[in-house]
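One-letter residues, chain by chain:
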Number of protein chains: 2
Amino acid sequence: MTVLVLTCEADVTADMVVAELHEQGVPLVRFDPADLPGTGALSAEYVRGEFRGYLSIGGRVASMQGLRSVWIRRPGEPAAHAAEPSEWLSVETAHALYGMLDCTDARWMNHPSAAAKARRKPWQLRVAHQSGFPVPATLLTTHPSMARQFADQYRNVVVKSVSGKSPGDPPMALPTTLVPPDADFSGVAAAPTLLQRYVAKRADIRLTSVGDQHFAARKAAEPGQVDGRYGDTGHEWEPVEVPAQVARAVEAYKKQTELAYGAFDFAEDSTGTWWFLECNQGGQFGFVELETGLPIARAVASWLGAEPA
Amino acid sequence: MTVLVLTCEADVTADMVVAELHEQGVPLVRFDPADLPGTGALSAEYVRGEFRGYLSIGGRVASMQGLRSVWIRRPGEPAAHAAEPSEWLSVETAHALYGMLDCTDARWMNHPSAAAKARRKPWQLRVAHQSGFPVPATLLTTHPSMARQFADQYRNVVVKSVSGKSPGDPPMALPTTLVPPDADFSGVAAAPTLLQRYVAKRADIRLTSVGDQHFAARKAAEPGQVDGRYGDTGHEWEPVEVPAQVARAVEAYKKQTELAYGAFDFAEDSTGTWWFLECNQGGQFGFVELETGLPIARAVASWLGAEPA
């Protein structure tokens, strides 16, 4: 029973998990969809109700019958490395590859459908509420007057991207930013704008959830700090225990979103409450593991390598 | 309780359903995501566990609390009509719109996640098998030698697109084509290729399934005809009864794919067997209704307008 790791070539986080899988003696194939067709090949046959398929690359073959799990880490665009790449070839190849993988009994971390739905922040906020997390008051609007009213009501508000990084090569990261008191909101009419009550935090929390294991790390914040993800804040990530009610909320959230993996960001306020900011279904964990020693890669490998129930 | 119809301006099929909804006295808002932001506006507020949202266009407002159903017909690209359109604005607007709609209790025809998964033909073939449809032997491969072998084994084979129409403006339709006996298969290495045993058919069948209602139409085929979707074949679509075992298979298929709507294409062979060719989750039904008088638009309107259970 093989584990399929879909990722690009330069991916240190995948290297960590692959090393763990080797250590655990679990067979795996590492495959970049960008290499299909080309050095990668695929075949699937549907005859008399039977389905047989395989993927191959560099002499390694993953049979679809023996597929234990699929890890979607950071896969390239299908057919991106083809001799004659085109938008249509990428679409055809994506349908062939992911359609074939959907025919298997493999477990997914995470399934593309669940991932696509879980990326949308408005739905994240709703599910977070329903799962029992405290969530800062949030407004998403194209109405300048409503943005103005929200900012007046909560005084300290931040603005953030709705969808995360902007597309482009390289994608541009957009740090969460404090809205000044005299802000001009007329631009809100030009793009849906997400405003959120600013949480005065004493620390950032990153909780990485892998199956039913949850790993939390904490980084102290300077007073008034807004987005601790960028630049040097003078503090390090340190392991921290996961409160039982947070673990319960994480489990409810992952159940509703059908995610096997999620990287949750919280702001810890002066009372110790963890405020839900977002859950990134494909969030990095390498930096947390390297700074804290939390055995996340091993947990991912164990989840991927688990025998079918 | 409002029905939300997401489609572009010029959509005769949507017009038919909108007319039925008016007749049934069901309130509706017709909205093109391309008009957001601009003539269309959106606002969603997440405060203390409550969620309140609305969409508005041309003085009509759809409250998210009173949303009965969402019909995704032929929506434009979000923000396509914006004053300063960009890829990033489209992504942000799509997340805002569809993420907000996911926060509601509305029923979907069809939900974007189900639609995306159901578009992939390899998975369609697998689900069709499992649902009890007869499916012609099919190969999907990047190996020229396997394509050659499949063609030799089945003699009459057709080649078709894996993903449907090619992208582009306008998209290029790719009719299913017979593979000549002396075909050169070396090009298979350049793109995943879908080969299927040719079904010698006496008719094309289009079955349109709306909730638990199934409408079938039949068009006689000339001997040797391959793809009856294009050009004038000299025959008309006529209503035909849905065999009970086909209805059961359709229901199994729609349950597994979580589709509320599907347009199924079959080839009827000389024994009367309906061979599954594909299910288009967003397939047209206007032409079938106009030629056959089958009341499909009314069925769609009734499904969309049904009171919550």
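The model shown is predicted, which means the values in this text are computed figures rather than measured ones. (Residues numbered from 1 in each chain as written. Chains lettered and ligands numbered in written order. Predicted model: local features only at pLDDT ≥ 70, side-chain atom pairs only at ≥ 80, totals over all residues. Heavy atoms only, no water.)

Colleague: Any chance you could break down the pattern of salt bridges for me, citing the residues and the numbers?
Modeller: All names here are of chain A. In the structure shown here, the tally under the stated rule is 22 salt bridges over all chains. Across the pair Arg73 and Asp11 runs a salt bridge, and its minimum N-O distance is 2.8 Å. Taken together, the residues span a long stretch of sequence, with Arg73 in the loop between strand 6 (67-72) and helix 2 (87-101) and Asp11 in the loop between strand 1 (2-6) and helix 1 (12-23) at a distance of 62 residues. Of the residues examined, Arg73 reaches a relative accessible area of 10% and is grouped as buried. A salt bridge links Asp265 to Arg206; its shortest N-O distance comes to 2.9 Å. Pair noted here: Asp265 is in strand 15 (residues 261-269) and Arg206 is in strand 12 (residues 201-210), with a separation of 59 residues, a long-range link. Residues Asp265 and Arg206 agree in their burial class; the two are buried. Here the residues in one salt-bridge network are Arg202, Arg218 and Glu268, joined through shared partners. (Salt bridge = Lys/Arg side-chain N within 4 Å of Asp/Glu carboxyl O. Helix = DSSP H or I, 4+ residues; strand = E, 2+ residues; numbered from the N terminus. Buried < 20%, exposed > 50% of the residue type's maximum accessible area, 1.4 Å probe, protein only.)

Colleague: So, the interface of chain B and chain A: which residues are in play, and what are the values?
Modeller: Tallying the contact residues gives 60 residues for chain B and 60 residues for chain A. Summing both sides of the interface, chain B and chain A together bury roughly 5100 Å²; the carbon and sulfur share of this comes to 61%. The three residues of chain B that bury the most area against chain A are Tyr46, His95 and Arg120 of chain B, which together make up 14% of that side's buried surface. Applying the counting rule to chain B against chain A returns two salt bridges. For Arg120 of chain B, the salt bridge identified is with Asp102 of chain A, shortest N-O distance 3.2 Å. Mapped by element, the contributors of at least two residues to the side of chain B that touches chain A are strand 3 (40-47), strand 4 (50-57), helix 2 (87-101), helix 3 (112-118), helix 4 (121-131), strand 8 (138-141) and helix 5 (144-154) of chain B. Counting residues per element, the side of chain B that touches chain A draws most heavily on helix 2 of chain B, which supplies eleven residues. (Contact = heavy atoms within 4.5 Å. Buried area = accessible area lost by both parts, 1.4 Å probe.)

Colleague: Mind laying out the sheet that holds strand 5 (residues 60-63) of chain A, listing which residues take part and the relevant values?
Modeller: Across the sheet, seven strands lie side by side as 5(A)-4(A)-3(A)-8(B)-11(B)-9(B)-10(B); this open sheet has antiparallel pairing. The open sheet has two edge strands with one neighbour each: strand 5 of chain A together with strand 10 (177-178) of chain B. Relative to strand 5 of chain A, strand 4 (residues 50-57) of chain A runs antiparallel, the two being bridged by four bridges. Bridged to Tyr54 of chain A within strand 5 of chain A is Ser63 of chain A. Together, strand 3 (40-47) and strand 4 of chain A together with strand 8 of chain B form the strand contacts of helix 2 of chain A, whose direction differs from that of strand 3 of chain A by roughly 60 degrees. Contacting strand 3 and strand 4 of chain A together with strand 8, strand 9 (157-160) and strand 11 (193-197) of chain B, helix 5 of chain B runs over the sheet at an angle of about 165 degrees to strand 8 of chain B. (Pairing = 2+ DSSP bridges. Axes fitted to C-alpha atoms, helices over the stretch in contact; angles between N-to-C directions.)

Colleague: Talk me through the UniProt feature "domain: MvdD-like pre-ATP grasp" (unreviewed entry) in chain A; I want residue IDs and the actual numbers.
Modeller: The UniProt feature table records "domain: MvdD-like pre-ATP grasp" (unreviewed entry) at residues 2-112 of chain A. For residues 2-112 of chain A, helix accounts for 25% and strand for 34%, while the C-alpha atoms at its two ends are 19 Å apart. (UniProt positions renumbered as here; feature names shortened; annotations may be inferred.)

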